[in-house]
Amino acid sequence: MFSVAAVGVIVITSIYVVPNASFFFHGNQIEFADFASNALQITNAKHFAEIHGNHSRWGFYHPGPALWYLYATGEYLFHDWLGVSSPHAAHVLIGIVFQVTCAVVVVLYVARKTSGIVVPIAIALLFVHWNSMLGAPNSIWPPHVLYGPFLLLITFGAGVASGDVKLLPIVIFAGGMLVHGHVAQPLFVIPLGCLALSSVIRGGEYKNAHLAISALILAVFVLPIIVDALRGSERNIVTIFHHIKIHAGNHHTLPQGIGYFLSFFLYENKQEIVQGSATFSLTSYLWAHPTLWLVIVLIIACALTPLTRASRFVKWYSAFVTIAVILSVVWSTIQDGEMYGFNGNFIYAVVYLLYLFPWLLAATATSPIKYSYMLAGTLVAVAALWNMRQGYMLSWKGLSGLFIPKPTFTIVVASDQFDSQLKAMTEGAAGVYITFKPERQFEAFAVINQINHLGIPFRVRDGYTFLYGTKVKKHEPEVSMEVCGDSGPILPHPHNLPGSTAPCHITVTSMPTGH
């Protein structure tokens, strides 16, 4: 099974890497906007100095740095050792490998518990599903990367509950990645993880080795959270709980929550209909999209399956998926602010597992019931393809978007001139002070990230200290830089940023004494 999984990962990864070969193997890719801000934390992780996740627009960090250490590992492997074009390209490459690996092992495990016939169906569904949604497998923007771990949590959680106790470490690993990745994930990880663990203890089939390995993995994920908790007034965990407390009443209605969850089956990507108005009507939304009634029937069938004579694994699979659906609706109602699609991007994992559900029933059923489930699975597949027609790739490539691998999701600039001029401007500087207007913060992040790569300490204007850690202090003498000043075009247009303004400039307003 390991060799089959390895071949599957290599083949599927190649499908997404080869069409984007110029991105991975040629040119100088420089992160822009959020990608540049995140790259600073990846650099910290490369030196084992990062304890936080990505910075939230609400002013806190998400709980943990696991993703940053994953991308730092990719930078070591693919950029430093194997010569991939840029650190950012290496981050994206390891991100693709990670997401593909999660999906492939889930598909192979489900096939082992049901039937091998599931594999081609699941892979085909996965490919079209990925091409219709924003995010996995080729985005490393943090809200887009919880897909793979969520697949692992649900599927292997069901496996553990059905008797495969040796898989408990995978469930703990998936839960750790999810909790580190987003502040809301404990809502999912704790109930589903406890359900899997309670089944282990109740069944009495576990070995101490399984628990020891799981405890070790859990300790690795808990360690940075404990380190943060010991930092006194700078504790991120305190900021998180303070935010939860002051926003406790900022909830959405249950119909909005249900509508938001169902909108992922339509691959809307922006959820504009649900979030756009306080007068949102779930009934009108359902009548406007008849395929959602089939989704509701599918969810009901999934919820009732544990009461049937289905196989033990399929029963637990259905239970875990049903709980994930319920918790997704709960999260939809309690999330802060507008109901952006990226707030619940992990829901696409639930969508995929629900679409796969009838085929698992068919694979484990006996004739003639098997054919009824196959018919149901075909009907669900047709409805899924109908919904996918308005997805990510189809929005600009027509029907071919279902079958052509989507391009890398990122925002970068590519300029050797940028690097050379920046090195010349900072030569001999003991530190750099960067100033910028708020509307130019994305350009500033790119400049700051490159200065950090040069190993030069930097400071930024008040309100943006999340860009660096406590080790960055005031250094004298300094070069003072104004991002987007009046002289010298140095930063070209970023790729994949529609409506971007004119190329950014950098002005050196003072030079260090004794330079």
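Residues numbered from 1 in each chain as written. Predicted model: local features only at pLDDT ≥ 70, side-chain atom pairs only at ≥ 80, totals over all residues. Heavy atoms only, no water.

A.B. asks: Explain the overall build of the protein here, please?
C.D. replies: Across its full length, the protein carries 21 helices and seven strands. Within the protein, buried positions represent 54% of all 515 residues. Look at the contacts in the protein between residues 6 or more apart in sequence, and 73% of them connect residues 24 or more apart. As presented, the protein carries roughly 22,100 Å² of accessible surface, and 66% of it is formed by carbon and sulfur atoms. (Helix = DSSP H or I, 4+ residues; strand = E, 2+ residues; numbered from the N terminus. Buried < 20%, exposed > 50% of the residue type's maximum accessible area, 1.4 Å probe, protein only. Contact = heavy atoms within 4.5 Å. Areas by Shrake-Rupley, 256 points an atom, 1.4 Å probe, with all protein chains shown as cover.)

A.B. asks: What's the story with the packing of helix α20 (residues 416-426) against helix α21 (residues 441-453) in this structure? I'm lost.
C.D. replies: Helices that pack against each other are described as a pair by the angle of their axes relative to one another and the distance between those axes. Viewed as axis vectors pointing N to C, α20 and α21 meet at an angle of 65°, and their least axial separation amounts to 11 Å. Helix-helix and strand crossings are classified by hand; for α20 and α21 the assignment is right-handed. Where α20 abuts α21, its residues F418, D419 and L422 lie against A446, V447, Q450 and I451. The residue makeup of the contact of α20 with α21, split by class, is five nonpolar, one polar and one charged. (Axes fitted to C-alpha atoms, helices over the stretch in contact; angles between N-to-C directions. Left-handed = near helix turned anticlockwise from the far one by under 90°. Nonpolar A, V, L, I, M, F, W, Y, C, P; charged D, E, K, R; others polar.)

A.B. asks: Please explain the nonpolar core as it appears in this structure.
C.D. replies: Side chains of nonpolar character tend, in soluble globular proteins, to be buried together. Counting residues in hydrophobic clusters, the biggest one holds 153 residues, and the most contacted among them are W130, Y147, Y352 and Y355. Sorting elements by how many residues they give to this core places helix α5 (residues 87-113) first, with 16 residues. (Core = buried A, V, L, I, M, F, W, Y, C linked by side-chain atoms within 4.5 Å.)

A.B. asks: Sorry if this is basic, but what is going on with the packing of aromatic side chains here?
C.D. replies: Tallying each qualifying case throughout the model produces 27 aromatic pairs. Each ring, one from F188 and one from F346, has its centre 4.9 Å from the other, and the planes form 70°; the classification is edge-to-face. One end of the pair, F188, is in helix α9 (residues 186-203); the other, F346, is in the loop between α16 (312-334) and α17 (347-364), and 158 residues separate them in sequence. Ring geometry for F264 versus Y348: centroids 5.1 Å apart, planes at 85°, classification edge-to-face. Here F264, found in the loop between α12 (254-263) and α13 (272-275), pairs with Y348, found in helix α17; they are 84 residues apart in sequence, far enough to count as distant. Since its relative accessible area comes to 2%, Y348 is described here as buried. The ring of Y76 has K46 lying over it, and the distance from NZ or CZ to the ring centre is 4.9 Å. (Phe/Tyr/Trp six-rings, centres within 6.5 Å; stacked < 30°, edge-to-face > 60°. Lys NZ or Arg CZ within 6 Å of the ring centre and 35° of its normal.)

A.B. asks: Explain a nonpolar patch on the surface here, please?
C.D. replies: A cluster of nonpolar side chains, namely L218, V222, I226 and L230, defines an oily patch on the protein surface of about 380 Å² accessible area. For L230, the location among the structural elements is in the loop between α10 (208-229) and α11 (236-246). (Patch = residues over 30% accessible without salt bridge, like charges linked within 9 Å, V, L, I, M, F, W, Y side chains within 5 Å. Salt bridge = Lys/Arg side-chain N within 4 Å of Asp/Glu carboxyl O.)

A.B. asks: Teacher, can you tell me more about the pairing of strand β5 (residues 479-483) here?
C.D. replies: Consecutive side chains of a regular strand alternate in pointing toward one face of the sheet and then the other. The buried fraction of β5 is high, at four of five residues. Judged from the four bridges that link them, strand β3 (residues 432-435) and β5 form a sheet pairing that is parallel. The partner of I434 across the bridge, within β5, is M481. (Pairing = 2+ DSSP bridges.)

A.B. asks: Which parts of the structure should I look at to understand helix α8 (residues 168-181)?
C.D. replies: With 14 residues, α8 should cover 20 Å at 1.5 Å per step; its first-to-last C-alpha distance of 20 Å lies within 8% of that length. Taken across its 14 residues, α8 has eleven buried, putting it largely inside the fold. Within α8 the residues assigned to the buried category are L168, P169, V171, A174, G175, G176, M177, L178, V179, H180 and G181. (Expected span 1.5 Å × (residues − 1).)

A.B. asks: What is the right way to look at the pattern of salt bridges in this model?
C.D. replies: When the charged atoms of two side chains lie near each other, side chains of opposite charge can form a pair. What the rule picks out here adds up to five salt bridges. We note a salt bridge from D164 to K166, for which the minimum N-O separation is 3.9 Å. Taken together, the salt bridges that share partners define one network made up of R112, K113, D164 and K166.

A.B. asks: Can you walk me through the pairing of β3 in this structure?
C.D. replies: Residues V432 and I434 line the buried face of β3, whereas the alternating positions Y433 and T435 sit on a face that is not buried. Regarding the hand of the β-α-β motif, the stretch spanning β3, α21 and strand β4 (residues 458-460) is right-handed. (Right-handed = clockwise from strand over helix to strand, strands pointing away.)

A.B. asks: Please clarify how helix α15 (residues 291-304) should be interpreted in this entry.
C.D. replies: In an α-helix, one full turn covers 3.6 residues, which means residues spaced three or four apart are oriented alike. The first and last C-alpha atoms of α15 sit 20 Å apart over 14 residues, in line with the 20 Å expected at 1.5 Å per residue. Of the residues making up α15, those classed as buried are T291, L292, V295, L298, I299 and C302. Taken around the axis of α15, the buried residues stretch over an arc of 105°, which confines them to a single face. (Arc of directions from axis to C-beta.)

A.B. asks: How do you make sense of the packing of helix α4 (residues 66-81) against α5 when you look at a structure like this?
C.D. replies: The contact between α4 and α5 brings their axes to 8 Å, and the two run at 115°. One finds that α4 runs roughly perpendicular with respect to α5. In terms of crossing hand, the pair formed by α4 and α5 is right-handed. Between α4 and α5, the residues in contact are L70, Y71, G74, E75, F78 and H79 and P87, A90, H91, L93, I94, G95 and F98, respectively. A per-class count over the contact of α4 with α5 returns eight nonpolar, four polar and one charged. (Parallel < 35°, antiparallel > 145°, perpendicular 65-115°, else oblique.)

A.B. asks: Help me understand the environment of H129 in this model?
C.D. replies: With respect to the secondary-structure elements, H129 resides in helix α6 (residues 118-132). Between the C-alpha atom of H129 and that of G391, which follows or precedes it by 262 residues, the distance is 8.9 Å. If we skip the residues at most four places from it in the chain, H129 touches Y147, Y267, Y348, V351, Y352 and M388.

A.B. asks: Explain the side chain of T333 to me, please; I cannot follow it from the model alone.
C.D. replies: Position of T333 among the secondary structure elements: in helix α16. Within polar-contact distance, the side chain of T333 engages the backbone oxygen of V330 at 2.7 Å. Setting aside anything within four residues of it in sequence, one finds T333 in contact with H251, H252, T253, L254 and G257. (Polar contact = N/O pair within 3.5 Å; in protein donor to acceptor, adjacent residues only side chain to side chain.)

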